[in-house]
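# Structural characterization, general
Here's the letter readout for the chains.
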Amino acid sequence: MRDPFLDNAKFLAMILVVSGHLIEDLRDVEIAHALYFFAYLFHMPLFIMVSGYLSRNFTFSGGKARKLISGLAVPYVIFEIAYSLPRFFLYGKLQISLLDPYYLTWFLMSLFLWRLSTPVWQQLRWPLAVAVGLSLLSGTSPLPDELSMNRTLGLLPFYVLGLMLRPEHLDLLKRPWVRAAGALVLVAGIGTALVVHRAVPTEWIRWRHANTMIGVDDLTGTLIRLAMLTTGAILVMAFLAVTPARRTWFTGLGAATMYAYLLHGFVVKVVERFHDALVTPLGVAAMILFGVLLSAVLCTEPVRRLFRWAVEPDMSWAFTRIRRPARGRSDRPEKTA
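With that settled, the discussion passes to the overall build of the protein. Per the secondary structure count, the protein includes 18 helices and zero strands. Relative to the compact-globule value of 20 Å for 337 residues, the protein shows a C-alpha radius of gyration of 21 Å, a close match. Each principal axis of the C-alpha distribution contributes one length, and for the protein these read about 85 × 45 × 45 Å. Residues counted as buried form 45% of the 337 residues belonging to the protein. A separation of at least 24 residues holds for 80% of the contacts in the protein among residues at least 6 apart in sequence. Carbon and sulfur atoms provide 66% of the accessible area of the protein, an area that totals close to 17,600 Å². With 34 positive and 22 negative side-chain charges, the protein shows a separation of 11 Å between the mean positions of the two kinds.

Let us now look at the pattern of salt bridges. Evaluated as defined, the whole model comprises nine salt bridges. Salt-bridge contacts for glutamate 30 lead to arginine 198; the nearest nitrogen and oxygen are separated by 3.0 Å. Separated by 168 residues along the polypeptide, glutamate 30 in helix α2 (residues 30-40) and arginine 198 in the loop between α11 (176-196) and α12 (203-206) bring together distant segments of the chain. On the accessibility criterion, glutamate 30 (44% relative accessible area) is partly exposed. Residues glutamate 301 and arginine 304 are paired through a salt bridge, measuring 3.9 Å at the closest nitrogen-oxygen approach. Within this pair, glutamate 301 and its partner arginine 304 are both found in helix α18 (residues 301-311), separated by three residues, close to a single helical turn. A relative accessible area of 34% means that glutamate 301 is categorised as partly exposed. Note on arginine 304: relative accessible area 18%, which makes it buried. Three or more residues are tied together by salt bridges with common partners; here these are Glu24, Glu203, Arg206 and Arg208.

Let us now look at the nonpolar core. The biggest cluster of nonpolar side chains holds 88 residues, and the ones touching the most others in it are Phe107, Trp114, Leu170, Leu240 and Tyr261. Looking at which element gives the most residues to this core, the answer is helix α1 (residues 4-22), with 10 residues. Apart from the residues within four sequence positions on either side, tyrosine 261 is in contact with Met14, Val17, Met44, Leu104, Trp106 and Phe107.

Next up on the list: the packing of aromatic side chains. Going through the model one piece at a time under the given rule, you end up with 14 aromatic pairs. When the ring of tyrosine 83 is compared with that of tyrosine 103, the centres are 5.4 Å apart and the planes differ by 80°; the resulting orientation is edge-to-face. With tyrosine 83 in helix α4 (residues 62-91) and tyrosine 103 in the loop between α4 and α5 (106-116), this pair connects stretches of sequence that are 20 residues apart. Residue tyrosine 103 is classed as partly exposed on the basis of its relative accessible area of 21%. Pairwise contacts between aromatic rings join Phe79, Tyr83, Tyr102, Tyr103 and Phe266 into one cluster. In this structure, arginine 56 packs its charged tip against the face of tyrosine 53, placed 4.0 Å from the ring centre. Cation over ring: lysine 174 sits above phenylalanine 5, and NZ or CZ is 4.8 Å from the ring centre.

This part covers α1. Its 19 residues place the ends of α1 27 Å apart at the C-alpha level, agreeing with the 27 Å of an ideal helix rising 1.5 Å per residue. Buried residues dominate α1, accounting for 17 of its 19 residues. The distance from a side-chain oxygen at the start of α1 to the backbone nitrogen of phenylalanine 5 is 3.0 Å, and the residue carrying that oxygen is aspartate 3.

Looking now at the packing of helix α7 (residues 127-138) against helix α9 (residues 156-164). Between α7 and α9, whose axes approach to 8 Å, the crossing angle comes to 170°. In terms of axis orientation, α7 runs roughly antiparallel to α9. Counted together, Pro127, Leu128, Ala131, Val132, Leu134 and Ser135 of α7 and Leu156, Pro157, Val160, Leu161 and Met164 of α9 form the full contact between these two elements. Residue composition of the contact of α7 with α9, by class: 10 nonpolar, one polar and no charged.

Conventions used here
- Residues numbered from 1 in each chain as written.
- Predicted model: local features only at pLDDT ≥ 70, side-chain atom pairs only at ≥ 80, totals over all residues.
- Heavy atoms only, no water.
- Helix = DSSP H or I, 4+ residues; strand = E, 2+ residues; numbered from the N terminus.
- Rg over C-alpha atoms; globule rule 2.2 N^0.38 Å.
- Buried < 20%, exposed > 50% of the residue type's maximum accessible area, 1.4 Å probe, protein only.
- Contact = heavy atoms within 4.5 Å.
- Areas by Shrake-Rupley, 256 points an atom, 1.4 Å probe, with all protein chains shown as cover.
- Lys, Arg positive; Asp, Glu negative; His and termini not counted.
- Charge placed at Lys NZ, Arg CZ, Asp CG, Glu CD.
- Salt bridge = Lys/Arg side-chain N within 4 Å of Asp/Glu carboxyl O.
- Core = buried A, V, L, I, M, F, W, Y, C linked by side-chain atoms within 4.5 Å.
- Phe/Tyr/Trp six-rings, centres within 6.5 Å; stacked < 30°, edge-to-face > 60°.
- Lys NZ or Arg CZ within 6 Å of the ring centre and 35° of its normal.
- Expected span 1.5 Å × (residues − 1).
- Polar contact = N/O pair within 3.5 Å; in protein donor to acceptor, adjacent residues only side chain to side chain.
- Axes fitted to C-alpha atoms, helices over the stretch in contact; angles between N-to-C directions.
- Parallel < 35°, antiparallel > 145°, perpendicular 65-115°, else oblique.
- Nonpolar A, V, L, I, M, F, W, Y, C, P; charged D, E, K, R; others polar.

These results come straight from atomic positions and should not be treated as a statement about function.
So, in structure tokens, the structure goes:
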């Protein structure tokens, strides 16, 4: 049984992702820049935390390991190639690097690595503290782009936080007073974003670079990163607090947000061609509304049937029964007197 609360949260967060990408090139408009800044503080942390929560029972058993390959690794290869093709047709450049994620495929790469690490976090005494420490340390060195290392380590605490959560923790967010507090936090967050969005470099909310590349020393950068982790966690909880827990018209769409995530980038690339006509407050509003519509359409059953081969490919033909080494004479326990 799927939890409508989590599906609702995933779909609403997907609206933020899609709309955020649609207005990314319109940030010369003040409100677009502020809304972009606000959404990027927590929309991917929310997805990552939910992914961690849903990965609590991950093991290396046959079925789970196979799903990891067919649900993340294979779609990553498909869309890494697919998003590289427009550059080839438009600019004559074909650059495919399976270790260096392009555009929005970084999330598949990072989620693959996070999920592989799940058994490790479940055996540590203080997993969240260790994850935060790794995140802060990752900002002190220029990490390679391969394996999306900056984002994989920088955003790791949100995945581990999801692993540590239990259903009773989410139930606390459904209490009326918590919902009211969550709404106030989000309103305060938007108001704060309107004030500080130009003062904070955008790279802090993208988690792509080391402290020195953003122009600060490691002590300052570490404090800023810690503030970003804290802010992200607070906004994630506030967003979940105002998310409906009952079934809604979009609950079913929330079960297919990976389709919207992987496919909307192609639409964004087309819309970018009309940038000059959209850099107005009216254009920003139109793109946000279009983002809501696009998110819904890309999660519908017809789209899922059309693109299931790429997003959820059936890889059963590629797997065999789990091979176990035969026990030989040397493997048998020796008898002792």
